Structure formats: structure tokens, C-alpha cells
Amino acid sequence: MKMRKTPRKLLINKHPKRNISGFSLNEVLIALAAGTLVIGAGALALRSTQTLIKSSGEKTNQRQNTVNGVRLMRSEIERSLHALVNGPPPDPELAYTDLSQYNSAIQECQAIANGLSGTPGELNPEQKANFAPLFGLKMADVSGNPILYGLGVGSTNSTFAIKRCGTPLGLDGRYDNDEKPFVATVVDGISMMPCLTYDEDNRCIDENRPFPDKDISEISAFQVLQYLTEGPNSEYRYAVNDNTTPTRQYLEPAFRFETDNSRKLIRVISPMNCDDSTEVCVENTQISVAGSSGASTRQDLLLTAYARADKRLMTPDGGTSPLGSEWFRDVNSKNVRFLVDGSGSMSACMAWSFNEKGSLELGDTSRVFHTPQGDPLYRGNSYESSRAICNETRMERLQRELSELIQQLPNDTRISLEVFSTPGYYNNRQWQKSKDGLVTLGDGDNRDSALEFVSSLDEAAGNTWGGTNPWQGLNRSFSDTEADTLYFLSDGLPTTALSIPGEDASYSNQYRPAATYYANLNNSRQTKPLQVNTTSVMLGSEWMENLAKNTSGNYIQSQ
């Protein structure tokens, strides 16, 4: 038997006419409505399945529907106490995280998905297939059963959808425990896994699949879900082993996730394991976005979310509010400064949209992107103007995470906001309200004003934002006698040296002396030393890591 060799790519499509697309979750920017919690947008959508998942089939609608659904999933994971997955945890003391203990909740969701009322008896395989549980979330502010996420049939007979089952959310971001649970589609368009083995006549001969005795044309997504929910000896085929769900086979949903030993993490990963010997490899999970012409495109989506409800502040009315995100973790100070990178490199795209041939999908309008080496737009220049569709730039990610955090911080939190670049350029400025000191978020229109400042960071073209010069902002931060915590984020090495006693901090020494200089400055503060938490985006930064270490802070290197 002859195997056809195929070069490996981000997502490998051995036969372009076949649609090799699956699903993965991404964190994508949505405009924030002033005064409304971020999760409220998902809650509003989830009150009507027709609102969240429109039936028009237009790319823009489905893409926005996906963004809304993914955003809700991420928000719920982050506000949960822990995840629930099917299978025993490595630590027996965490047996309460085994989803199999919640069979009654699963049956309730399956009954709702089938339009059944009351508490049903044993469901048949066909009924179970309408909601095949993936994972659950134990919430501190939800009474009764946990929130469950599962698989169901998608909008076509050959696609799948992620569905949410549980207590509804109000527009204020609170769970309405007086309302009955319901099931709604969150993300639609998850495709079947492609054929991995072909003969020399280009015929699929992959027998490692559900229903190997049936013709492929006779197998529907619904039948595959039946297969997944009723494995050998009633074994559930999305059970977690070594913290990951099984690799997906031909015709199965191209969706897979992993967790961690403490059952706090939910991360979408490649639906299969690939190495240099793999003939056809699906390295990324994606969602298939249908177009009005009948063609489809692939949209890369990524999700990494960590349960952090045990690190929340209690509000006066007994509710909880998140204390951080992936780039700004564990924010529990009441006197905090944010110093973030506004340089042009922040206009680089983190998640491009590709069509079914693997080419960049084009939109109707152009925008300017920073183009580092390895970027699909890279032509030897620092910036390119293009109509290519970017799902999220570094700046948009920063705006989303910082805006979510600002919305969720308690009213008595005092903050300062500053964005740095080259002096005199667009993004080298301070939030006017905090220019003379920390500002209490709950006073007057301070919170709305802070959100407007963050929203303005990408209003000009990326090539006008300037270089990376954090020194003035860091000097102001260490001179601030009110603040006790600083969150400092950057995506590149500084483009200007720091003149300090002894050896200047410069490119030749990778700016390492800057960490020692500011640590010594911190030790000489007359007030409480400043705890500096640093985040380096898309690169490792030794000097930022040392700065955090020397000031009792935390360092994050984010991709």
C-alpha cells in the first residue's frame, strides 16, 4: 500500500477539496457596553438560542456568534471553583471533580435537550446523543447542579456543536437560581475528523473509525454522538486519561481538551497527536464558518481558561468578582497601577483567519499590522497594510483582558492607567484622571472613563504608536507612594537604553541592569515596597522576570 507524503503545516489539508476543519476556542475581542459586565453579553445571548446562533449562515454572523459563545465559556470557567471531568483524578482527594458523580445532572440536561420535562427514567442511546457531556463547572454562586458543557448535532448533518446546560445568567452577570436550567448552542460548526489514510487511487481506507462496516455516506454526526456516549462496556469516549481526552479518530468531532492535576484548567488542544512520521496531521482545532456562497472558511480558535473562584474578592452584597485574567493574574490589591505596552508591535495579529485552501481570508477594509518574521504578511518590513482578517491582535487581547478586569474590580479599588511607547507618539500617555495619583473606580464616572481610555489605545494606525520605552512609566510607578502593586506588560525588548549609575541598561546587556536598578529603588522607598508583576508577550524577558522576582511579584511569559 502506498502512502502519500504530505508536508506538515499548521493545519494540513492533504486533499484541498475535502474540508479538514475542526474546532478550537479562541479569545476574541468584543466591544464592551458601558456599565454592563462582560459576561452579561453572553447571558443575554443565551436567553435565546436564536440570538446566539443565527440561522442566516453569513460568515460575519457565525463568527460573532462563535466569539460570544467562546467568551461565555471562558468567563464561566474562570469564575468557577473547579472543573468536572469524566475520569478519576490523579489525587484521590480530588474525587469530587469526577463528572461521573453527577449522572442525575447529565440526565437532566439530556432530557432538556430532547424536550422532555420532569425527571425522566433511563434514556435510550438516541436521546443521550443529543447532549454528550464534555466537562462541568462547579460554581460557588449556583445552587443545585453544576454548569455542564456537552456536544450535540450542529447546524448540518455532518457537523457538531458545543452546548451549554445549566442555570441561566442575568444581564448583571449573576446566575438566576430561581429559573429552570436550559440547553443552548454555544459554538456551532465543529467538523468531523478527516480521513488519515488513502490508497494510491486516492480512496480513503481508514478503518479506525466509528461504524467501520458502514459506508461513510451513511454515517451522520448524530450516529457518531451515539457511538461516543455508548462505548465498550458503557465506557464514555470523552473520559480523561493522563489529564487529556482521547485523540479523535476519523469522523469523530475534531475537538479535544486537557486539564491539570488540580482540575482547574480547561485548554483546547490538537485533536490528534502528531510527529514527523504522521502522514496527515490536524495540529490545530478550528471551526468551519459557512459563507453566503456556500463555501466555507476555517477560523483558528484557542481557549485556555483557569478556574479562579477561590481567588476572588467578596463584594458587600455577598457576590464575587474575578481578580484577574491570563495576562493580569490575581489582582487583589486596592492600590494598583497598570503600565502596559502601547508600541507598534502590539498591532501584530495573534490569530489569523484562513480559508479552506489555507490562504488568508480577506475582508472589505484594510488595516495596518506589525509583521514580525514568520508572520503570514511578513515581506521584510515592520508593518504591512492588508485586508486579511485578523481575529485578534496583541493590542485587542490587551484591551479585552484589561477592560474585563476594570469592569470586575470592586468599587473601592484605586487604580492608575498608563500606556508607554516613544515619547511624543500616540500611545505614550496616561489616563488623564489618574495623572496626579490613584483614582477610586467606584467614584462618579471613573470606571467608564477608564474603559474609554483602554478602548482608545488602537484608534490610530499601528505604525503611529511608537517604540518600546517603558522607563518614564516605571519611574513614575516607583515614585508613587500610594500604590503597593504594579502590573507591567510588554511584548518586546525596550528600544531605548536606560541611563543609570554604573552600567546602563541597553540591548547589549539585554537590559538586565534595569531589574537591579529598580529593585534597589524599591528597597529605598519610604512607604511599602512596590510588588511588581510582569507579563512578557510572545517572548521571554530575563530582565522582566528578574524585576518581578526581586520585588516579590510574579512573572508570566504568555504566548
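Look up a bit, the structure's there.
What counts and how
- Residues numbered from 1 in each chain as written.
- Predicted model: local features only at pLDDT ≥ 70, side-chain atom pairs only at ≥ 80, totals over all residues.
- Heavy atoms only, no water.
- Helix = DSSP H or I, 4+ residues; strand = E, 2+ residues; numbered from the N terminus.
- Buried < 20%, exposed > 50% of the residue type's maximum accessible area, 1.4 Å probe, protein only.
- Contact = heavy atoms within 4.5 Å.
- Areas by Shrake-Rupley, 256 points an atom, 1.4 Å probe, with all protein chains shown as cover.
- Axes fitted to C-alpha atoms, helices over the stretch in contact; angles between N-to-C directions.
- Parallel < 35°, antiparallel > 145°, perpendicular 65-115°, else oblique.
- Left-handed = near helix turned anticlockwise from the far one by under 90°.
- Nonpolar A, V, L, I, M, F, W, Y, C, P; charged D, E, K, R; others polar.
- Pairing = 2+ DSSP bridges.
- Polar contact = N/O pair within 3.5 Å; in protein donor to acceptor, adjacent residues only side chain to side chain.
- Disulfide = S-S within 2.5 Å.
- Phe/Tyr/Trp six-rings, centres within 6.5 Å; stacked < 30°, edge-to-face > 60°.
- Lys NZ or Arg CZ within 6 Å of the ring centre and 35° of its normal.
- Core = buried A, V, L, I, M, F, W, Y, C linked by side-chain atoms within 4.5 Å.
- Salt bridge = Lys/Arg side-chain N within 4 Å of Asp/Glu carboxyl O.

**Looking at the overall build of the protein chain**
Per the secondary structure count, the protein chain includes 11 helices and 23 strands. Expressed as a percentage of its 559 residues, the buried residues of the protein chain come to 57%. Restricting the contact set of the protein chain to residue pairs at least 6 apart, pairs at least 24 apart contribute 65%. Of the accessible surface of the protein chain, which amounts to about 23,700 Å², a share of 46% is contributed by carbon and sulfur atoms.

**Digging into the packing of helix α9 (residues 471-479) against helix α10 (residues 512-523)**
For the pair α9 and α10, interaxial distance at closest approach is 10 Å and the crossing angle is 20 degrees. Taken together, the axis directions place α9 and α10 in an arrangement best described as roughly parallel. Here α9 runs over α10; the crossing is right-handed. Residue-level contacts link W471, L474, N475 and F478 of α9 to A514, Y518, L521 and N522 of α10. Classifying every residue of the contact of α9 with α10 by side-chain character gives six nonpolar, two polar and no charged.

**Regarding the pairing of strand β2 (residues 132-138)**
Within β2, six of the seven residues are buried, which leaves the element mostly enclosed by the surrounding structure. Two elements, β2 and strand β3 (residues 147-153), share five bridges in a ladder whose sense is antiparallel. Pairing of G136 across the sheet is with L148, part of β3.

**Considering the side chain of S80**
If you trace the backbone, S80 turns up in the loop between α3 (59-78) and β1 (82-84). One polar contact links the side chain of S80 to the main-chain carbonyl oxygen of I77, over a distance of 2.6 Å.

**Some points on the sheet that holds strand β4 (residues 159-166)**
Strand order across the open sheet formed by five strands is β1-β2-β3-β4-β5, with antiparallel pairing between neighbours. Each edge of the sheet is formed by a strand with only one pairing partner; in this case those strands are β1 and β5 (182-191). Along the sheet, successive strands turn relative to each other by an average axial angle of 25 degrees, direction set aside. Sheet topology places β4 next to β5; eight bridges connect them, and they run antiparallel. Residue pairing across strands places T159 opposite S191, the latter belonging to β5. Sheet contacts for helix α4 (residues 103-113): β2, β3, β4 and β5; angle to β5, the most-contacted strand, approximately 80 degrees. Strands β2, β3 and β4 of the sheet are contacted by helix α6 (residues 221-229), whose axis makes an angle of about 135 degrees with β3.

**Some details on the sheet that holds strand β7 (residues 265-268)**
Read across the open sheet, the three strands follow the order β6-β7-β10; overall the sheet is antiparallel. Here the strands that pair on one side only, and so sit at the sheet edges, are β6 (257-258) and β10 (304-306). In this structure, β7 lies alongside β10, joined through three bridges in antiparallel fashion. Residue L265 lies in a different strand from β10, and its bridge partner there is Y306.

**Here's the deal with helix α8 (residues 446-455)**
Burial analysis of α8 places seven of its 10 residues in the buried class, which makes it a mostly covered element. For α8, the set of buried residues is N446, R447, S449, A450, L451, F453 and V454. Where α8 is buried, its residues contact α7 (394-408), β18 (414-420), β19 (429-430) and β20 (439-440).

**So, the state of the cysteines**
Joining two cysteines, a disulfide is a covalent bond between their sulfur atoms. Going through the model one piece at a time under the given rule, you end up with two disulfides. A sulfur-sulfur distance of 2.0 Å marks the disulfide that ties C109 to C165. Since a negative S-S torsion denotes a left-handed disulfide, the C109-C165 link at about -90 degrees is left-handed. You can see C109 sitting in helix α4 and its partner C165 sitting in strand β4, a full 56 residues away along the chain. Under the relative-accessibility criterion, C109 is labelled buried at 3%.

**Quick look at α6**
The buried fraction of α6 is high, at seven of nine residues. For α6, the set of buried residues is A221, Q223, V224, L225, Q226, L228 and T229. The inward-facing, buried residues of α6 contact α5 (125-128), β2, β3 and β4.

**What to know about the packing of aromatic side chains**
Applying the stated criterion to the full structure yields 14 aromatic pairs. Between the aromatic rings of F328 and F338, the centroid separation amounts to 5.8 Å while the plane-to-plane angle is 80 degrees, which identifies the pairing as edge-to-face. Here F328 is found in the loop between β12 (320-321) and β13 (335-341), whereas its partner F338 is found in strand β13, with 10 residues between them in sequence. Of the two residues examined, F328 and F338, each falls in the buried class. With a centroid separation of 5.8 Å and 55 degrees between ring planes, the pair formed by F488 and W543 is classed as tilted. Here the residue F488 occupies a position in strand β21 (residues 485-490), and W543 occupies one in helix α11 (residues 542-550), the gap between them amounting to 55 residues. With relative accessibility at 2%, the residue F488 sits in the buried group. Note on W543: relative accessible area 2%, which makes it buried. Here the aromatic cluster, defined as three or more aromatic residues joined through ring pairs, consists of F420, W471, F478, F488, Y511, Y517, Y518 and W543. Note that R429 overlies the ring of Y426, its terminal NZ or CZ placed 4.6 Å from the centroid.

**Section: the nonpolar core**
Counting 42 residues, the largest nonpolar core has F135, Y149, L151 and I162 as its most contacted members. Where this core is concerned, the elements lending two or more residues are α3, β2, β3, β4, β5, α6 and β7. For Y149, the contacting residues outside a window of four places in its chain are L72, M73, E76, F131, P133, L134, F135, L137, I162, K163, R164 and V186. Counting 28 residues, the second-largest nonpolar core is a separate cluster that includes V336, L398, L417 and W431.

**A word on the pattern of salt bridges**
This model, assessed by the stated rule, comprises 21 salt bridges. We note a salt bridge from E401 to R397, for which the minimum N-O separation is 2.7 Å. Within this pair, E401 and its partner R397 are both found in helix α7, separated by four residues, close to a single helical turn. Taking relative accessible area as the criterion, R397 reaches 8% and is therefore assigned buried. In this structure, the salt-bridge partner of R414 is E482, at a minimum N-O distance of 3.0 Å. Separated by 68 residues along the polypeptide, R414 in strand β18 and E482 in the loop between α9 and β21 bring together distant segments of the chain. Relative accessible area serves as the criterion here: at 23%, R414 is assigned to the partly exposed category. When salt bridges with common partners are traced through the structure, they connect R71, R74, E78, E392, R397, R400, E401 and E404 into a single cluster.

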